[in-house]
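Understanding the architecture of this molecule
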Amino acid sequence: MYRVDSPGRVNLIGDHTDYALGYVMPVAINLYTVLHAQKDEKARVYSQIFREVKEFDLEDIKKANDWADYVRGIFWVLRVEGYKVGGMRGILGGDLPIGSGLGSSASIEIAVLAFLNGAYGLDLLPIEMALLAQKAENDFVGVPCGILDQFAVVHGKKEHVIFLDTDTLRHEYIRFPGDVQILVFYTGVKRELSSSAYAERRKVAEETLRLLGKRTSKEVEERELRNLPSLYRRFFGYIVRENRRVLEARDALESGDLQRFGELMTASHWDLARNYDVSSEELDFFVRKAVEFGAYGAKLTGAGFGGSAVAIVPEELALDVAMRVTDEYVRHFNWEPDYHLVSPSDGVRVRKV
């Protein structure tokens, strides 16, 4: 029997830049998908969250449009890529919320892949695991995500943020201050990552690069967008500015300038809201209130369209900020949100039990 602890993730800055091969700054967090599993002739998984069992044929893996597609997709991609694996009998649980914008799909994918890697001796490198999981989500599940989530879940490091160039996949770790807390706030607004809105933005980014004759967003200057259609100019202008902000945020964090780092986070949010159209009234409300109550900075995290927001807060103020924002949110929206005070975590861990 194996136990796998696969973390969630938040992205502190650099959203919607990964599919344009730009810069991102994610962190694995200490909320986990936990998988207990053993080798078996069949593939059978029980979800403690959904309280149901899913079983599927390893010789005929088909998408079923349910939570187990993230499990099926991993078996599918390994077979497509020529890896020989048998089945598994497993139980999925943990404390990572599902569908709240904290990378739960990538966390499940990596949990299953890490088990299969260990149980069947695949000898996959961490980066190979991230790329295989991304391919499963793109080509089997049908979500056109970039590499950010899977990379963070695999490569997370305790007490550190990841600065990642999603083009070269070169990355570096930057120490996260011990006296700062990460506040994750789930608005209660469900968002569907594979929706047409997300796919449209990726299509616009790819088409913009094609029209400009550029390979990555890192090569583009904002002035080069002047002759493009207005939607392309507005959407890709955000990506160009966000790449610059991520670079500046890296420098600010390395020098300990949390005030500047927070300002860049908040600027990122309002650019996403006004020029990329991926925010919501609830996310905007959280950002305003978190900063008003003492956060260094705040923003939506992940794809947007609802889901979660994130703030960095002085440790001594973190609980107070979380509770005050929650009280205001309940009064304004008549909805009880969830919040978590989290810390940077190590990436996926596998052990025999």
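Residues numbered from 1 in each chain as written. Predicted model: local features only at pLDDT ≥ 70, side-chain atom pairs only at ≥ 80, totals over all residues. Heavy atoms only, no water.

Some details on the overall build of the protein
When helices and strands are tallied, the protein shows 9 helices and 12 strands. Against the 2.2 N^0.38 benchmark of 20 Å for 353 residues, the protein shows a C-alpha radius of gyration of 20 Å, consistent with a compact globule. For the protein, the proportion of its 353 residues judged to be buried stands at 59%. Taking the intrachain contacts of the protein between residues at least 6 apart in sequence as the baseline, contacts between residues at least 24 apart amount to 70%. Across the protein, the mean location of the 45 positive side-chain charges is 3 Å away from that of the 53 negative side-chain charges. (Helix = DSSP H or I, 4+ residues; strand = E, 2+ residues; numbered from the N terminus. Rg over C-alpha atoms; globule rule 2.2 N^0.38 Å. Buried < 20%, exposed > 50% of the residue type's maximum accessible area, 1.4 Å probe, protein only. Contact = heavy atoms within 4.5 Å. Lys, Arg positive; Asp, Glu negative; His and termini not counted. Charge placed at Lys NZ, Arg CZ, Asp CG, Glu CD.)

Thoughts on the pairing of strand 5 (residues 87-94)
Inspection of the sheet shows strand 2 (residues 23-40) paired to strand 5 by 8 bridges, in the antiparallel sense. Residue pairing across strands places Val34 opposite Gly93, the latter belonging to strand 5. Two strands pair when backbone bridges link them, and strand 3 (residues 43-47) and strand 5 are joined in this way by 5 bridges, in the parallel orientation. Within strand 5, the position partnered with Ser47 by the bridge is Leu92. (Pairing = 2+ DSSP bridges.)

Some words on helix 7 (residues 258-275)
Helix length check: helix 7, at 18 residues, gives a terminal C-alpha distance of 25 Å against a target of 26 Å (1.5 Å per residue), a fit within 8%. Every buried residue of helix 7 is accounted for by Leu258, Phe261, Gly262, Leu264, Met265, Thr266, Ser268, His269, Trp270, Asp271, Leu272 and Ala273. Positive phi shows up at Asp277, right after helix 7, with a value of about 55°. (Expected span 1.5 Å × (residues − 1).)

Observations regarding empty space enclosed by the protein
Applying the stated criterion across every chain, the model contains 1 cavity of 30 Å³ or more. The volume enclosed by the largest cavity comes to roughly 80 Å³. (1 Å grid on protein atoms, 1.4 Å probe; cavity = no way out; pocket = protein on both sides within 12 Å on 5 of 7 lines; lining within 4 Å. Points joined across faces, edges and corners; volume = space filled by probe spheres on them.)

Points about the environment of Asp251
Tracing the backbone through its elements, the reader meets Asp251 in helix 6 (residues 230-254). Accessibility expressed as a relative area gives 41% for Asp251, which makes it partly exposed. Placed 77 residues apart in sequence, Asp251 and Ile174 show a C-alpha to C-alpha distance of 9.6 Å. Within the structure, Asp251 has its side chain in polar contact with the side chain of Arg250 (distance 3.5 Å). (Polar contact = N/O pair within 3.5 Å; in protein donor to acceptor, adjacent residues only side chain to side chain.)

What to know about the packing of helix 7 against helix 8 (residues 281-292)
Packed helices, taken two at a time, are described by their axes: the angle between them and the distance between them. Close contact between helix 7 and helix 8 brings their axes to 11 Å; oriented N to C, the two are set at 155°. Relative to helix 8, the element helix 7 is oriented roughly antiparallel. Our pair here, helix 7 against helix 8, has a crossing hand that is left-handed. Mapping the contact onto sequence places Thr266, His269, Trp270 and Ala273 in helix 7 and Leu283, Asp284, Val287, Arg288 and Val291 in helix 8. Split by residue class, the contact of helix 7 with helix 8 holds 5 nonpolar, 2 polar and 2 charged. (Axes fitted to C-alpha atoms, helices over the stretch in contact; angles between N-to-C directions. Parallel < 35°, antiparallel > 145°, perpendicular 65-115°, else oblique. Left-handed = near helix turned anticlockwise from the far one by under 90°. Nonpolar A, V, L, I, M, F, W, Y, C, P; charged D, E, K, R; others polar.)

As for the packing of helix 1 (residues 69-80) against helix 3 (residues 126-141)
The geometry of helix 1 relative to helix 3 is characterised by a closest axis approach of 8 Å and an angle of 110° between their N-to-C directions. Relative to helix 3, the element helix 1 lies roughly perpendicular. Here Asp69, Tyr70, Arg72, Gly73, Ile74, Trp76, Val77, Leu78 and Val80 of helix 1 lie close against helix 3, whose contacting residues are Leu132, Ala133, Lys135, Ala136, Glu137, Asp139, Phe140 and Val141. Of the residues in the contact of helix 1 with helix 3, the class split is 11 nonpolar, 1 polar and 5 charged.

Comments concerning the layout of surface pockets
Within this model, the second largest pocket holds a volume of roughly 180 Å³. Lining the second largest pocket we find Lys158, Glu159, Arg175, Phe176, Pro177, Gly178, Val180, Gln181, Glu315, Val342, Ser343 and Pro344. Residues that form the lining of the second largest pocket fall into these classes: 5 nonpolar, 3 polar and 4 charged.

Considerations on the pattern of salt bridges
Summed over all chains, the structure comprises 35 salt bridges. We note a salt bridge from Glu224 to Lys214, for which the minimum N-O separation is 2.7 Å. Taken together, the residues span a long stretch of sequence, with Glu224 in the loop between helix 5 (196-212) and helix 6 and Lys214 in the loop between helix 5 and helix 6 at a distance of 10 residues. By relative accessible area, Lys214 is classed as partly exposed at 22%. Salt bridges sharing common partners tie together Glu222, Arg241, Glu242, Arg244, Arg245 and Asp271. (Salt bridge = Lys/Arg side-chain N within 4 Å of Asp/Glu carboxyl O.)

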